[in-house]
Amino acid sequence: MSISTRPDVSGRLVSTTRRALPALAVVVLLVAAWQIYVEISGIRPQVLPSPGRVVSQGWDNREIIADHAWSTLQVTLVGFTVSLVLAWILAVVVDFSPWLSRALVPLFVVSQTLPIIAIAPLMIIWFGFGLLPKVLVIALATFFPMTIGLIEGFAAADREAGALLRSMGSTRWQEFRYVRLPSAIPRFFTALRIGITYAVVGAVFSEYVGATSGLGIYMSTQKNSFRTDLVLAAVLVTALISVTLYLLTFAVERIVAPWAMNERSRT
């Protein structure tokens, strides 16, 4: 069994590497162009530091940045967990009640028209500088794509399979469990990947507006000190967190719904 799986795993690694090469090449070219421009133009580091300076200064301040990054990661995970639970509850409730679907889905859409840049300061004013306002900002920024992804996934279930189960005397819950839920999983993980990147951005922005620790407040402090290199170092760490969480969703999907990934790889 182990012998037969090794070629499959190596093949996937090769395929993943090939897909990543164009993006990596673009990143390398952009960084090289950035470095060359800084060296040729002689622009001040306070305006635009070189990539080398960003990395070196970030490394010199790695302990402070790591502490702030850990704070941001904690807020992100707590807020996203709350958003995830709310998304599942609302989507399941809406699926079982068409009336609620007509009543709530428009409200979900309206919630996304509210500018986070205006809502976040109000959250700080109403709830202070603790964990709650940050969690609310993250939930507001992320629950919509996951909720809509689940609702549309449930609605896209095979009607003939559902009718077959009903003809055999199954309950509405059994139909949901065996037909509608599996149908929603692929769309849910797509929405999950969108939501997790929004979560990191929402966490940083909520900290930027008002917090005692986190990458957002760190960027704000360094910006006021004209340390553009440390601001960009924090941005780089934020991007690494987002990419890591994004990639982790594929690992979770492989554990929870390997059949969904196999279907996508064949298309």
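Residues numbered from 1 in each chain as written. Predicted model: local features only at pLDDT ≥ 70, side-chain atom pairs only at ≥ 80, totals over all residues. Heavy atoms only, no water.

**Here's the deal with the packing of aromatic side chains**
Phase 1 of the analysis: For the coordinates displayed, the defined rule picks out seven aromatic pairs.
Phase 2 of the analysis: An aromatic cluster is present here, built from Phe96, Phe154, Trp173 and Phe176 joined pairwise through their rings.
Phase 3 of the analysis: Sitting above the plane of the phenylalanine 250 ring, arginine 193 keeps its charged end 4.0 Å from the centroid. (Phe/Tyr/Trp six-rings, centres within 6.5 Å; stacked < 30°, edge-to-face > 60°. Lys NZ or Arg CZ within 6 Å of the ring centre and 35° of its normal.)

**Some details on the packing of helix 3 (residues 62-96) against helix 8 (residues 172-209)**
Phase 1 of the analysis: Interhelical geometry of helix 3 versus helix 8 gives an angle of 150° and a closest axis separation of 8 Å. Our pair here, helix 3 against helix 8, has a crossing hand that is right-handed.
Phase 2 of the analysis: For the contact of helix 3 with helix 8, the class distribution of residues is 17 nonpolar, four polar and four charged. (Axes fitted to C-alpha atoms, helices over the stretch in contact; angles between N-to-C directions. Helix = DSSP H or I, 4+ residues; strand = E, 2+ residues; numbered from the N terminus. Left-handed = near helix turned anticlockwise from the far one by under 90°. Nonpolar A, V, L, I, M, F, W, Y, C, P; charged D, E, K, R; others polar.)

**Re the UniProt feature "transmembrane region" (unreviewed entry) in the protein chain**
Phase 1 of the analysis: Residues annotated in UniProt with the feature "transmembrane region" (unreviewed entry) correspond here to residues 20-38, 77-96, 103-129, 135-157, 196-218 and 230-252.
Phase 2 of the analysis: Taken end to end, residues 230-252 has its terminal C-alpha atoms 33 Å apart, with 100% of it in helix and 0% in strand. (UniProt positions renumbered as here; feature names shortened; annotations may be inferred.)

**A word on helix 9 (residues 215-224)**
Phase 1 of the analysis: A large share of helix 9 lies buried, amounting to seven of its ten residues.
Phase 2 of the analysis: Along helix 9, the residues classified as buried are Leu215, Gly216, Ile217, Tyr218, Met219, Ser220 and Gln222.
Phase 3 of the analysis: In this structure, the buried side of helix 9 is in contact with helix 3, helix 8 and helix 10 (228-256).
Phase 4 of the analysis: Backbone geometry just after helix 9 places phenylalanine 226 at a positive phi near 60°. (Buried < 20%, exposed > 50% of the residue type's maximum accessible area, 1.4 Å probe, protein only. Contact = heavy atoms within 4.5 Å.)

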